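Here is how the chains run, residue by residue.
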Number of protein chains: 2
Amino acid sequence: MLGNFIYSNPTKLYFGDQAQKNLAEALKPFGKRVLLTYGGGSIKKNGIYDDVTAALKAAGKSVVELPGVMPNPTVEKLTEGVKAVRENGIDLILAVGGGSTIDYAKGVAVAAGYDGDAWEHFWVGQANPESGAKIIPVGAVLTMAGTGSEMNGGSVITNPAQKLKIGKVFGEEVMPKFAILNPRYTFSVPHRQMVAGIYDIMSHIMEQYFSGTDDNTSDYLSEGLMRSLITASRAAVLNPEDYQARSNIMWAATWALNTLIGKGKSQDWMVHMIGQAIGAYTDATHGMTLSGVSVAYYRHIMEAGMPKFARFARNVWDIPAEGKSERELAEAGIEALGAWIGQIGAATEISSLGVTEDMLEGIASATFIMPGSYKKLSRAEIVDILRESM
Amino acid sequence: MLGNFIYSNPTKLYFGDQAQKNLAEALKPFGKRVLLTYGGGSIKKNGIYDDVTAALKAAGKSVVELPGVMPNPTVEKLTEGVKAVRENGIDLILAVGGGSTIDYAKGVAVAAGYDGDAWEHFWVGQANPESGAKIIPVGAVLTMAGTGSEMNGGSVITNPAQKLKIGKVFGEEVMPKFAILNPRYTFSVPHRQMVAGIYDIMSHIMEQYFSGTDDNTSDYLSEGLMRSLITASRAAVLNPEDYQARSNIMWAATWALNTLIGKGKSQDWMVHMIGQAIGAYTDATHGMTLSGVSVAYYRHIMEAGMPKFARFARNVWDIPAEGKSERELAEAGIEALGAWIGQIGAATEISSLGVTEDMLEGIASATFIMPGSYKKLSRAEIVDILRESM
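Computed from a predicted structure; not experimentally measured.

*Asks:* Account for the overall build of chain A, naming residues and giving values.
*Replies:* Helix and strand content of chain A: 14 helices and 9 strands. Compactness check: chain A gives a C-alpha radius of gyration of 21 Å against a globular reference of 21 Å for 390 residues, within 12% of the reference. Overall size of chain A, expressed as C-alpha extent along the three principal axes, is 65 × 45 × 40 Å. Here chain A, with 390 residues, has 60% of them falling under the buried criterion. In chain A, the proportion of contacts linking residues at least 24 apart, taken out of those at least 6 apart, comes to 79%. Carbon and sulfur atoms provide 52% of the accessible area of chain A, an area that totals close to 14,200 Å². Both charge centroids of chain A, one from 35 positive and one from 41 negative side chains, sit 6 Å from each other.

*Asks:* Before we move on, could you go through the pattern of salt bridges and cite the residues and values that matter?
*Replies:* On inspection of all chains with the given rule, the structure shows 26 salt bridges over all chains. Between Arg327 of chain B and Glu303 of chain B there is a salt bridge, with the nearest N and O atoms lying 2.6 Å from each other. With Arg327 of chain B in helix 13 (residues 326-344) and Glu303 of chain B in the loop between helix 11 (286-301) and helix 12 (306-317), this residue pair connects regions lying 24 residues apart in the sequence. You can call Arg327 of chain B partly exposed: its relative accessible area is 35%. A salt bridge links Glu357 of chain B to Arg387 of chain B; the nearest nitrogen and oxygen atoms lie 2.9 Å apart. Taken as a pair, Glu357 of chain B in the loop between helix 13 and helix 14 (360-366) and Arg387 of chain B in helix 15 (residues 379-388) lie far apart in primary sequence, 30 residues in all. What makes Arg387 of chain B partly exposed here is its relative accessible area of 42%. Via salt bridges that share partners, Asp219, Lys265 and Lys308 of chain A belong to a single interconnected network.

*Asks:* Now, about the interface of chain B and chain A: what can you tell me, with residues and values included?
*Replies:* The interface is formed by 43 residues belonging to chain B together with 42 residues belonging to chain A. At the boundary of chain B with chain A, total buried surface from both sides reaches about 3,700 Å², with 58% on carbon and sulfur atoms. Measuring nitrogen to oxygen at the nearest pair gives 2.5 Å for the salt bridge that ties Glu172 of chain B to Lys12 of chain A. Summed over the shared surface of chain B and chain A, the number is 20 residue pairs in polar contact (both at pLDDT 80 or more). Contributing elements (two or more residues each) for the side of chain B that touches chain A: strand 1 (5-7), strand 2 (12-15), helix 8 (217-238) and helix 9 (243-256) of chain B.

*Asks:* I'd like a description of helix 10 (residues 286-301) of chain A, backed by residues and values.
*Replies:* Helix length check: helix 10 of chain A, at 16 residues, gives a terminal C-alpha distance of 22 Å against a target of 22 Å (1.5 Å per residue), a fit within 8%. The sharpest bend along helix 10 of chain A measures roughly 40° and falls at Ser294 of chain A.

*Asks:* Explain the side chain of Ser218 of chain A to me, using residue names and the numbers behind them.
*Replies:* With respect to the helices, strands and loops of the structure, Ser218 of chain A is situated in helix 7 (residues 217-238). Only 2.8 Å separates the side chain of Ser218 of chain A from the backbone oxygen of Lys263 of chain A, close enough to count as a polar contact. The contacts of Ser218 of chain A, once residues within four sequence positions are left out, are Leu2, Leu260, Ile261, Gly262, Lys263 and Lys265 of chain A together with Trp251 of chain B.

*Asks:* Give me the pairing of strand 8 (residues 164-169) of chain A: which residues, what numbers.
*Replies:* Residues and elements named next belong to chain A. Where strand 7 (residues 154-159) meets strand 8, 6 bridges bridge the pair, whose relative direction is antiparallel. Bridging from a neighbouring strand, Val156 pairs with Gly167 of strand 8. Connecting strand 7 to the antiparallel partner strand 8 that follows it, the hairpin turn spans 4 residues, and Lys163 within it adopts a positive phi of roughly 50°.

*Asks:* Which residues make up the sheet that holds strand 9 (residues 178-181) of chain A, and what are the values?
*Replies:* Taking strand neighbours across the sheet as the criterion, the 7 strands line up as 4(A)-3(A)-5(A)-6(A)-9(A)-2(A)-1(B) in an open arrangement whose pairing is mixed. The sheet is open, and its two borders are formed by strand 4 (62-66) of chain A together with strand 1 of chain B, each paired with just one other strand. Strand-to-strand twist of the sheet, defined as the mean angle between neighbouring strand axes without regard to direction, takes the value 15°. Strand contacts of helix 2 (residues 48-58) of chain A: strand 3 (33-38), strand 4, strand 5 (92-97) and strand 6 (138-142) of chain A, with the helix running at about 175° to strand 3 of chain A, the strand carrying the most contacts. Strand contacts of helix 8 (residues 243-256) of chain A: strand 2 (12-15), strand 6 and strand 9 of chain A together with strand 1 of chain B, with the helix running at about 170° to strand 2 of chain A, the strand carrying the most contacts.

Conventions adopted
- Residues numbered from 1 in each chain as written.
- Chains lettered and ligands numbered in written order.
- Predicted model: local features only at pLDDT ≥ 70, side-chain atom pairs only at ≥ 80, totals over all residues.
- Heavy atoms only, no water.
- Helix = DSSP H or I, 4+ residues; strand = E, 2+ residues; numbered from the N terminus.
- Rg over C-alpha atoms; globule rule 2.2 N^0.38 Å.
- Buried < 20%, exposed > 50% of the residue type's maximum accessible area, 1.4 Å probe, protein only.
- Contact = heavy atoms within 4.5 Å.
- Areas by Shrake-Rupley, 256 points an atom, 1.4 Å probe, with all protein chains shown as cover.
- Lys, Arg positive; Asp, Glu negative; His and termini not counted.
- Charge placed at Lys NZ, Arg CZ, Asp CG, Glu CD.
- Salt bridge = Lys/Arg side-chain N within 4 Å of Asp/Glu carboxyl O.
- Buried area = accessible area lost by both parts, 1.4 Å probe.
- Polar contact = N/O pair within 3.5 Å; in protein donor to acceptor, adjacent residues only side chain to side chain.
- Expected span 1.5 Å × (residues − 1).
- Bend = angle between axes of the 7 residues up to and from the residue.
- Pairing = 2+ DSSP bridges.
- Axes fitted to C-alpha atoms, helices over the stretch in contact; angles between N-to-C directions.

As C-alpha cells, this is what we get:
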C-alpha cells in the first residue's frame, strides 16, 4: 500500500544529444552573475567547457569560475564557494560535472545564505533551508550518470578534520532549477567510472525496492527501471559509445533517485551504509564498494524478505518460477545479480578495493545501521557480510 | 533510443488518506480570491465539499463558487468561467472533481487571459499561452482516477454548436500548481465509472507503448505501470474499498499521462481517436469506448509491430515464451488483454454502448488518423475494426 507522501520535483530537464543548445535559454530567467563550478578540468578537453561558456556568453552572463571540485567535496571547498558567492553577488550557481560537483553546488547554495562558518551554521544543523535564508538557485550540466543529483535535493560534504562525511537531503527549494542531460557528454567518462556509475544506479533502485511486503506501484516502477538498466548496461560495456544504451542509463539514473520510486514505501539503504564505511577506510570508488558487498548482504537478509527476493528473480531477471521453491527462486535472483556484477566488470570482492582482514571490525563499527531493512543487522553480522565479500 | 525532449512537471502532489489536511497549506502561496469549481454536487454528499471549504476558510480565502461542470465541458461553460474570473479578480481556480473539472479549470485559466470570445481567441488557436497573457493558477482536488489531468497540461472543451471537441496540451505554466490525491475520495465513484477509469489509464499507457521498435527506458516504465494497474484493478473490482488497490490505481493514473512514459519515443493514440469518434456518436463513457475497440485494433496492427506485442505478452502478462512462435506469443498477449477487459467488467463490444451498424461509416469518417502507429489505417480498416468490435 502506498503510504502518505508529498511529491514535488520542479527540476526542468533538457535531454538529448543536442541538449546543450537549450542552455542559454535555460539560463535566461536568472540574474546576470553566474558562478561556474566544475572539477579537475576534463571538461576543457572534451569540449563541454566550450559549449557551456558559449551558452553563458549568448545569455549575456558575467561569469566567475570556481574549478577544482574534488570527488568528495570538502568543507574547505564549501567555504571557498560560499566566499565566492558572497563576494561576487552570485545569482546562479552552474555546476558542470557529475554528482560531486552538483552536490557541491547545492551545499554552497544553502550555506551561502548564512553568516559565519559554513560547516557550523549549516551542516551541523543549526541553520536550515526552512529558516527563510535565501537559497541561491543551482543549474546543472551533467557529465556522468549515476548519483541522480541532477534532479534531487541531496548533497554530501566531507569534513576531513572531523572525519565526517555528511549527506543531507534538502527539499525542492534546493533541487537544481534545470539540468542539461546530454548522453554524449558521458562518452568520455573512463570505463571503470561508467561501470561504477551503473552499479550505483542499480543499488539506488534496490535500496528502495528491498523493503516492505505490501503491493505498491513504486516497486513495479523500480522493476521497470532495473530491467532497462540491465539491458542498457550490457550494451554499454561492449560499446561505451552506444548512444541508445548511454541515453537509457542516463535517464534511468535520474529516475532511480529523484524520490519517485521510493514514494509511499519503506526503504533499506544498508548497502550504501556498508559501502560508505568501506569508502572511509579505503577511498575506493563508491559504486564499486556497493557491488562488492551486495551479494553477501542480500544473501544475509533474504530469509526475512523471501517473497520480495523471489519476485526480484521473476520480474527483474526473468527466471522461471516453475519447478522452483520460493527459496530456490530467491537464491537464483541473487545469483543472477552476482553474475551481472561480474559481466559488467563491477567489483565482486572488496579485497580488490584495498580492504584487508584487519579493517573488517572497524568498517563494521563505522557502519550506520538503518531501520528500514527486512532484517536489522548486528555488528557481528556486518563483519560476516564483509568477510564473505572479501 | 531516447530521442531529444524536455521534461518539466512542477505540480506538487499531496498523496494519501489524509492528503486533504495539506490543502490549507497548499493554498497559502496564492492570492485571496478563489474560484471553487466542481461538477454535479456529489462532493456535497460524500464530505469532500466540507473538507475543501474548511481548508479554504482556514487559509483565509474568499470564495466564489462555480458548480455544474459537466462531463464534457462546453464552450458556454468556459465563457461562464472566464466571466467569473474577470468579474471577481480571481487569483486561483480550485477544481474539485475528476478529469473534466480539472480540464475545465485549465481551459478557464488560459482563456481568461484574453479579451473577447473565449472560443475564438483561445481554442481556435489565435491566442496561446506563449503570447504573454496571464494564466490564472489552478489547483486540484481529485475525486476520480483516470485522466491524469491532475499533473499534466491537457484540457478538452466541447463546442456543441460547431460539433467540435477540442483537446489542447498546454505546457508547464498551465499544469496544476498542486493536487490533493486522496484515494479514499475515489471510493464513492460508481463501480462502472471506476472500471472505465481503470481502462482509460491502461489505454493511456498502451497508446504510448505500442509505437517504435527501439529500446528505451520509457517502455520499461510503462510495463511496470501496466503490471501494477492490472494487479490493483483485479482487487478493486472485488472490493472498491481496498485502499491498497485504489491508491495504486490513483498513482498509476497520474504517471500514465504526465508525459514521463512517452518521453523520447513515438506514440500511437489511435484507440483514443476511434474511441472519441464513437463518443461523438453515442455519448458513451470514454473508457468504455476504448476497451470496446482495443482488441480488434491491436489485432489489426499486430503484424506491423510484432516484436512489441510479443514483448507485451511476456513482460506485462507473464506469458511464457517457450514453445511459442513470436506470432503466437503476440496473439496470446492481446488475448490476455481481452480477457482482462472482461474480468474487470469494461465494455467488450461497442454494440453494448449504443453503436449500431449504420453508424460505422460515419464513425470511421469522424476518426482522426494519427501518424505514430505501427500501421497507418485506412478508413476501410477502421470500419473493419469497428465491425469486429460490435
